[in-house]
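# Residue-level structure breakdown
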Amino acid sequence: MFTCECCGRTSTTKGYLVVDHIIPRKIDKRKQLDKGNLWVICKRCHWYKGLLEDDVYTDGLSIENIDVSKSWQRDDVRQWILNAIKKRDERLEED
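Residues numbered from 1 in each chain as written. Predicted model: local features only at pLDDT ≥ 70, side-chain atom pairs only at ≥ 80, totals over all residues. Heavy atoms only, no water.

### Let's talk about the packing of aromatic side chains
We apply this condition: When two rings of Phe, Tyr or Trp (its six-membered ring) have centres within 6.5 Å they constitute a pair, described as stacked for plane angles under 30 degrees, edge-to-face for angles over 60, and tilted for the intermediate range. For every residue, the accessible area obtained with a 1.4 Å probe (protein chains only) is divided by the maximum for its type, and the residue is called buried under 20%, exposed over 50%, and partly exposed between those limits.
Scanning all chains against the criterion turns up 1 aromatic pair. Each ring, one from Trp 47 and one from Tyr 48, has its centre 5.0 Å from the other, and the planes form 85°; the classification is edge-to-face. Owing to a relative accessible area of 55%, Trp 47 belongs among the exposed residues under this scheme. When its relative accessible area of 6% is taken as the criterion, Tyr 48 is described as buried.

Dropping the structure here:
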């Protein structure tokens, strides 16, 4: 049994959980093998994290993006993802 480090969902299904770079490789390649920059999350949380990355990072590879990435902490990323999921679930309940 494996557990998503973000939302806590568990699964034994192969491919349901992915190893993700908290600070994306495209932003800072130096962190791609840093164990402190890796976590195991489910595909749903990974999708929301992709939305966050689109929101936070500018197009292209720039010093700005590396500066932004320094302010990213695992708990901040987790909280943003969980808040986004909660908002989506609330909207679905309203419909």
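From this point, things continue past the structure.
### Considerations on helix α1 (residues 43-56)
An α-helical turn contains 3.6 residues, so a residue and the one three or four places further along point in the same direction. Rule in force here: Segments assigned H or I by DSSP are reported as helices when at least four residues long, segments assigned E as strands when at least two residues long, and all are numbered from the N terminus. To estimate the expected span of a helix, subtract one from its residue number and multiply by 1.5 Å. Taking the helix axis as origin, the arc is that swept by the directions to the C-beta atoms.
Between its terminal C-alpha atoms α1 stretches 20 Å, which fits the 20 Å expected from 14 residues at 1.5 Å a residue. Buried residues of α1: Cys 45, Tyr 48, Lys 49, Leu 52 and Glu 53, and no others. Take α1 and look down its axis: the buried residues cluster within an arc of 155°, on one side only. Opposite the buried face of α1, at more than 90 degrees from it, the exposed residues are Trp 47 and Asp 54.

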